[in-house]
Each structure stands twice: as structure tokens, then as C-alpha cells.
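Listed below are the residues making up each chain.
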2 protein chains.
Amino acid sequence: MMIPAAVNLGIELRVLAENVGSSAELAAYAVGDYLDKDTVLEFAAGVDVVTFDHEHVPQSVLRALVEAGHAVNPSPDALRFAQDKIVMRQRLAELGVPIPEWAAVSSEAELDDFIAANGGSAVVKTPRGGYDGKGVRVVTAGAQAADWFRIMAEDGRGGALLAEEKVDFRRELAQLVARRPSGEIAYWPVVETVQLEGVCAEVIAPAPGSLGRVADVAADIATMIAEGVGVTGVLAVELFETTDQRLLVNELAMRPHNSGHWTIDGSTTSQFEQHLRAVLDLPLGATGSRDAFSVMVNILGGPSEGSLADRYPLAFAEAPMVKFHNYGKAPRLGRKVGHVTAGGDDLDDVAFMARAAAAFFTD
Amino acid sequence: MMIPAAVNLGIELRVLAENVGSSAELAAYAVGDYLDKDTVLEFAAGVDVVTFDHEHVPQSVLRALVEAGHAVNPSPDALRFAQDKIVMRQRLAELGVPIPEWAAVSSEAELDDFIAANGGSAVVKTPRGGYDGKGVRVVTAGAQAADWFRIMAEDGRGGALLAEEKVDFRRELAQLVARRPSGEIAYWPVVETVQLEGVCAEVIAPAPGSLGRVADVAADIATMIAEGVGVTGVLAVELFETTDQRLLVNELAMRPHNSGHWTIDGSTTSQFEQHLRAVLDLPLGATGSRDAFSVMVNILGGPSEGSLADRYPLAFAEAPMVKFHNYGKAPRLGRKVGHVTAGGDDLDDVAFMARAAAAFFTD
């Protein structure tokens, strides 16, 4: 999804892809292992700025890039916080950002203590590598995370799990923000994200009823984090809006994020264009909405037979106003294989349009 | 500019480019000569549909594609009208489409007769290969086209020049329309095009004061042509609005066209996405404007030193609302190397924004 923004601005994009046939193949690309320092260093020699579409490049590789004189945005110092949820909670606590109660627990007993102190349940997370609900578990006893503790013990590196209070929330929000190395910050309207089994299903921009205090607080939180951890590029801050009207930070992503896909069609500047501007330290674009409401619906899984494109004749005929995005991935249960975005003045109409259009692509 | 639309829809684009280093290089591409039948046939073997970004592929090559069973949109029968201005005038006359007075003239004497019958001047055009003001000349005597007649005589193929009345127009308009093989048609709002020395400098969408009769007549003319010549894909109809309020067809282009670049940022469906939909015979997208007014300004020539991107820091800082398009071409006097588009409610503001943003990229 970065390619259209790069093409428009005449920015040459080179991609280090994990394997042949990945979506990134559409750009000029090299195939290689991002865990291998030499591969990444060789790739970086041909570019002006290195950036990322996930957080899993090891610190040792990132540091080697910086030492070799490459511009790396976001920097290893910033990415560290997106790579380890416990490091991130520590930093957010230092910054005074509102977050759920949390603890780093390294045994079932410690987790039991946390559960007892937090109303009888906890959300347990592996600090690294989780996404889309993976590496997250709601537990009522330490023993329910026994397998994770055992793996940690076996790999011998010590470490801990992250335990968090199970927040009583009325909905989930996300605040997207971009920051340049020179410090300029731009944020989009705060959005509501609707999750299905831990996976983002739908995004409503702006979050209904968010004008005023909610929008201000969300923007303040995201700005505080972007500055406090030195983000360069796009930062997505996932938030809980609690039943007592507080906002608490749930997760961070230091890259263009699913909660911002609506910006491709719904904002003057898409998160992908903004990420390019930010990592190149160029002035940021305007982040206003192009419609009163935008609704983005993910296409999860795709059809059990055939391809997404097989459904174009029906879907396009029924939804001429809707923008379709097909990631060119093979359909697979639960996989994000595309999304649709609709925009307009009436939220009910817009949401209906987007949901109906997305429904053409699943069985 | 087709690449972003193709990427969004997950449509694989393959380009037969004239040479290495052309803008089309950003897509998967082959390098080869579109005049060579074997080259084009070999290229076509790997794709579902063949389409064009210019009109200069010879009929013999186009017919060979069709004979070999390839889907070719627009078809050779339709493209013929875009390839030869005299053939096109004949067809438009048959269709009853309003056009300037014209004649096919094969000698200075015939041109002198036409000039005498049309108020003492004529616009003379070479029937093939002209664009951006090339192959067009205003004359007051047949002798002023002597060189063109001589070339025709020397190449021994006979033929004629197109002579047209010099229309007394108050402004130039363009009507963009798309048509599928199955017959569905969609048109965008009629726009005003501002030419500088025969080259499009600026496009205002919609054309000011065009709501009502002008819009209806322009759409009718374009629809009549699209159906009458069997266009499949995007058709741009350049029009004169005469001082006595008539619309006359000036030129046709059977492909996405400069007068439609505003649609990338200013319409629900860009001309490039619509062209892809149309040539794939998929239902067309909505063609409404996203803003009350959009103004597109071409970047002509570019800076005399350095690249367009060198101007990004200043331009982006001053114009956060403006969308920038950089074709990745080397700056050269008069060459279209990029464009900018602004949108909003107030035409004066929008036009100022777009012109000011474009001015950052020339000396």
C-alpha cells in the first residue's frame, strides 16, 4: 500500500521481501532475510532511508545500519518500544501516559498475585512478536499461562510476560500520528476500531461522538508518546475508551497501521504518503477528512473458492462509490486479504455501504 | 499514473516500454518497439487485455493482436479514429456531432480555397502523430503549409492535410467519459482547460458556470462519440465553447488524458482506475467530484537545475493541502514532468493554491 504514494511522489521504493510472491513484489525488490545483518546492510547500501512495515527487525541489525551511517526511521531507540511490550509499558509509565494496570510477571505465582490484585482476571501478553490477537490471552489463574512460562524457562533467556488489568471498556479507539525527525507532528482524527476475535474488522473515522474532549485527549496522548519515544514516521496508538470515559493506551504500532487504511481514500494525506514524507524528513501533509464519515471494512479470509477479483463484477456493480483494495494475497481463513472504504455524510449509510461491499468477498 | 490504480485493485500491470528508464519502469515491464508486430505479439501472450497510453500503435499491429485472439481495448476499429484526424472528422460528421468547418486538403490551392471560404485563415493539422500543439499551424495562405505538402508528396503515399476553420472560442472545455465493451458509460463533470502555447497548463473541474446546459451538451456529445465509434476505455473529448455559446469538438484522445488528471485526487474514481475497469469490462466507478472545485496545474519543464524532489521541502511546507505528482522524468523545456491538484469550496482559493504550489517547481 506504500507503492501508490511512492509512485505519485516519484519516490523510488525498494523492498526487502521475505519471499518471492509476497505483496511487496509489485515494487522493485530484493528477496532476503531481515534477520540477517549482512543481507540488510547490503540492501541498505542502495537507498537513502530505511524504514519498516513491521517491528520484528532485530535491534542488532538496526544498530548495525545506524553504525554503517544509514538513515533509519524510526530509529532503533524508538523501535525498541514497539518491539517489546514491557519496555513500552515502562516508558509510557515514565511519560505519565494513561495505561491499564500492568506488571512484568516471571512466574505463575506472580501472575496469580496480579490476578488477585486486579479483580480476578488478567490479560497476559508475550512481550514480543504478537499481533492480531496472537500472543494475547485472558486468564483467571497463573496456571493458564503455564505453557508460555515453560517456553521462557526452556529458552533460558529469562524474561517475563506482561500482565494487564482486563479493562472495562465501552469501545476501542485508535489515534494515528506522524512525526518527522525535525519534530513536526500531524495527527488524523481519532477513529473507532471494531475488533472481531482479536482482529480489526472495521474502522469508523472519526469515532462517533469524539469531537471535543475525546479527540483532544487522544491527540495529546499520541503526541506525548511520539515525542517521548522519538518516533519518526507513522505511529498508531490503540486506545480503550473505558466505561467511565477515560482513555487508556492498549497497544502501539510504529508504522502505517490497519486503523489508518481509511486515510488512503478518506483523508487529504494517506498514512502511507505521510510515512514517506516523515521518514524522508519532508513537511507533512494535511490530515483532514475528505468526508464527514469514512468507514473501512477489512476483507478477512476472502472467498473459499477463486480469487477476490472473481467477485469484482458483482461488487463493483452494487457499490460504485466504494473504494476496493485487494492485497493480492491468497485467501486464507482470517487473513487480511483486502479492505473497502466508503465515505459520506450519513454514518449509517456509509457503514452499510462499506459492510455490504466487503460482504461480496467472503462466502 | 496507472500503477496506483492497478496496485489498489490488485491488478497486475505489465508495460511494454520504449526504452529503459522511462516512467513506466516502475511497473513490471518489457522493453521493446511497439511498431514491431512480433515484439507486441510476444508481449501480449502473457496478459489478459491489451490497452494503450498513446494512439501510435500501427493498425497492422493492432489487427494482428485481434487475429491472434487477444482482447484489445480500445479496439483497432475505434483507435483508427484517434489515429487519423481526417478519418475522425468524417466519422464525427456522419454521427452529426458538432465540429468546426473542415476539409481534407491535398494541395496549396485547395488550402487557399478553404481559407477564402472561411474568413481568411485556417488551422492546418497533420492528420497523424501530432500532440501538445505539434503538427498544428494557423495559416492565412496555402503557401504557409508548403513544407508539409512537400513531405507528403515526397513520401509518395498521397494523403491530405486537415484544414479547419479558426473557431472564435471563449474557452476550451474537455469532457471525459469511459465506456465498457458491454456498453456501460460513465462521464465526469465537464472541465475547463487552459492552454499555453498549445500545451495544457491548467484544468478547472467543473468548468465554471457549466452546470446545466453546457454540462448536458458536453456529456451528450461525448456519449454520442463513445457509442458511435465504439470506444472501450477512457475517451477525452476536447471542445471549443464558442463566443456564441455552442460546443464544437476539437480533438479526441482514446486513453486517460491530461484533462482528467484532476480525477486522481478530485473524483471518487480516477480516470486511471476507470480505464482499468473499462478495458477489463468491469462495472464502472462513480464519477462525482470530491470537492466543489478541483484545479490541476501542470508542471511544465521543471527546474533548470536539480530535480523536482529538490523543491519538496519548500513546496510541501507551503502547500500541505495540495497533492503532488512527479512523473520521474528529467526536466526539459516545456515537458510535462508532473502536476499538482488542489480542491476546495472557493475556486479562487483553490486555483491560487494549485498555481502557487506548481510554481515551486519551475525557475
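Residues numbered from 1 in each chain as written. Chains lettered and ligands numbered in written order. Predicted model: local features only at pLDDT ≥ 70, side-chain atom pairs only at ≥ 80, totals over all residues.

Caption draft 1: Structural context of the overall build of chain A. When its secondary structure is counted, chain A shows 12 helices and 17 strands. Over its C-alpha atoms chain A spans a radius of gyration of 21 Å, differing by no more than 12% from the 21 Å that the globule rule assigns to 363 residues. With the C-alpha coordinates of chain A rotated into their principal frame, the extents come out at 60 × 50 × 45 Å. For chain A, with 363 residues in total, the buried portion stands at 45%. (Helix = DSSP H or I, 4+ residues; strand = E, 2+ residues; numbered from the N terminus. Rg over C-alpha atoms; globule rule 2.2 N^0.38 Å. Buried ≥ 20, exposed ≤ 12 C-beta atoms within 10 Å, placed from the backbone.)

Caption draft 2: Representation of the domain arrangement of chain A within the structure. Taken domain by domain, chain A consists of domain 1 (2-82), domain 2 (101-164) and domain 3 (169-359). Distance between the C-alpha centres of domain 2 of chain A and domain 3 of chain A: 29 Å. (Domains from an automatic or database assignment.)

Caption draft 3: Geometry of helix α8 (residues 213-228) of chain A. Residues and elements named next belong to chain A. Relative to the 22 Å expected for 16 residues at 1.5 Å per residue, α8 spans 22 Å between its end C-alpha atoms, a close match to the ideal helical length. Buried within α8 are the following residues: V217, A218, I221, A222, I225 and A226. Down the axis of α8, the buried set is contained in an arc of 165°. They therefore lie on one face. The exposed residues of α8 that point more than 90 degrees off its buried face are R213 and D216. In the core, the buried residues of α8 are packed alongside α5 (85-95), β9 (169-179), β10 (185-187), β13 (233-242) and β14 (247-253). A positive phi of about 70° marks G230, the residue just after α8. (Expected span 1.5 Å × (residues − 1). Arc of directions from axis to C-beta. Contact = placed C-beta atoms within 7 Å.)

Caption draft 4: Representation of the relation of the copies chain B and chain A. Overlaying chain B on chain A yields an RMSD of 0.0 Å, the required transformation being a rotation through 180° with an accompanying axial translation of 0.0 Å. When the rotation and shift are considered jointly, the pair of chain copies conforms to a two-fold rotation axis. Considering only C-alpha atoms, the part of chain B nearest the rotation axis is B:P4, at 2.1 Å. Both copies present the same face, since 100% of the interface residues in chain B are matched by interface residues at the equivalent positions in chain A. (Least-squares fit on C-alpha atoms with pLDDT ≥ 70 in both.)

Caption draft 5: Expanded view of the packing of helix α1 (residues 2-9) of chain A against helix α10 (residues 271-279) of chain A. Residues and elements named next belong to chain A. For the pair α1 and α10, interaxial distance at closest approach is 8 Å and the crossing angle is 60°. Taken together, the axes of α1 and α10 lie oblique to each other. Where α1 crosses over α10, the handedness of that crossing is right-handed. In this structure, α1 contributes M2, A5, A6 and L9 to the contact, and α10 contributes F272, E273 and L276. (Axes fitted to C-alpha atoms, helices over the stretch in contact; angles between N-to-C directions. Parallel < 35°, antiparallel > 145°, perpendicular 65-115°, else oblique. Left-handed = near helix turned anticlockwise from the far one by under 90°.)

Caption draft 6: Fine view of the interface of chain B and chain A. Tallying the contact residues gives 28 residues for chain B and 28 residues for chain A. Contributing elements (two or more residues each) for the side of chain B that touches chain A: α1 (2-9), α11 (312-318) and β16 (323-326) of chain B. The residue inventory of the side of chain B that touches chain A, partitioned by class, reads 19 nonpolar, 7 polar and 2 charged. (Nonpolar A, V, L, I, M, F, W, Y, C, P; charged D, E, K, R; others polar.)

Caption draft 7: Representation of the sheet that holds strand β8 (residues 161-164) of chain B in the model. Residue and element names in this part refer to chain B. If you trace the 4 strands from one edge of the open sheet to the other, you get β5-β8-β6-β7, paired in antiparallel fashion. Whereas interior strands pair on both sides, the edge strands pair on one side only; in this sheet they are β5 (102-105) and β7 (136-139). Neighbour-to-neighbour, the strand axes of this sheet turn through a mean angle of 25°, independent of strand direction. (Pairing = 2+ DSSP bridges.)

Caption draft 8: Region of interest: the pairing of strand β13 (residues 233-242) of chain B. Residues and elements named next belong to chain B. In terms of residue burial, β13 counts as a mostly covered element, since 8 of its 10 residues are buried. Inspection of the sheet shows strand β9 (residues 169-179) paired to β13 by 10 bridges, in the antiparallel sense. Paired with E172 across the two strands is F240, which belongs to β13. Where β13 meets strand β14 (residues 247-253), 6 bridges bridge the pair, whose relative direction is antiparallel.

Caption draft 9: Region of the structure containing unusual backbone geometry. Residue and element names in this part refer to chain B. In the segment running from N73 into P74, the intervening peptide bond is cis, with an omega of -5°. You can see P74 is positioned in the loop between β4 (71-72) and α4 (76-83). With an omega of -10°, the peptide bond running from A205 to P206 counts as cis. As for its position among the elements, P206 is in the loop between β12 (199-205) and α8 (213-229).

Caption draft 10: Seen up close, the environment of B:Q175. All names here are of chain B. In this fold, Q175 is placed in strand β9. The exposure class of Q175 is buried, given the 31 C-beta atoms found within 10 Å. Between the C-alpha atoms of Q175 and A6, which are 169 residues apart in sequence, the distance is 24 Å. Ignoring any residue separated from it by four or fewer positions in sequence, one finds Q175 in contact with Y187, V190, A218, A219, I221, A222, V237 and L239.

Caption draft 11: A look at the environment of A:G338. Residue and element names in this part refer to chain A. Relative to the elements of secondary structure, G338 occurs in strand β17 (residues 336-344). Residue G338 is classed as buried on the basis of its C-beta count, with 24 C-beta atoms lying within 10 Å. Put simply, G338 and A5 are 333 residues apart on the chain and 17 Å apart in space, counted from C-alpha to C-alpha. Excluding residues that lie within four positions of it along the chain, G338 makes contacts with I299, L308, H325, N326, Y327 and F361.

Caption draft 12: Quick look at α4(B). The set of residues buried in α4(B) consists of B:A78, B:L79, B:F81, B:A82 and B:Q83. In this fold, the buried residues of α4(B) make contact with α3 (59-67), α5 (85-95), α8 and β14 of chain B.

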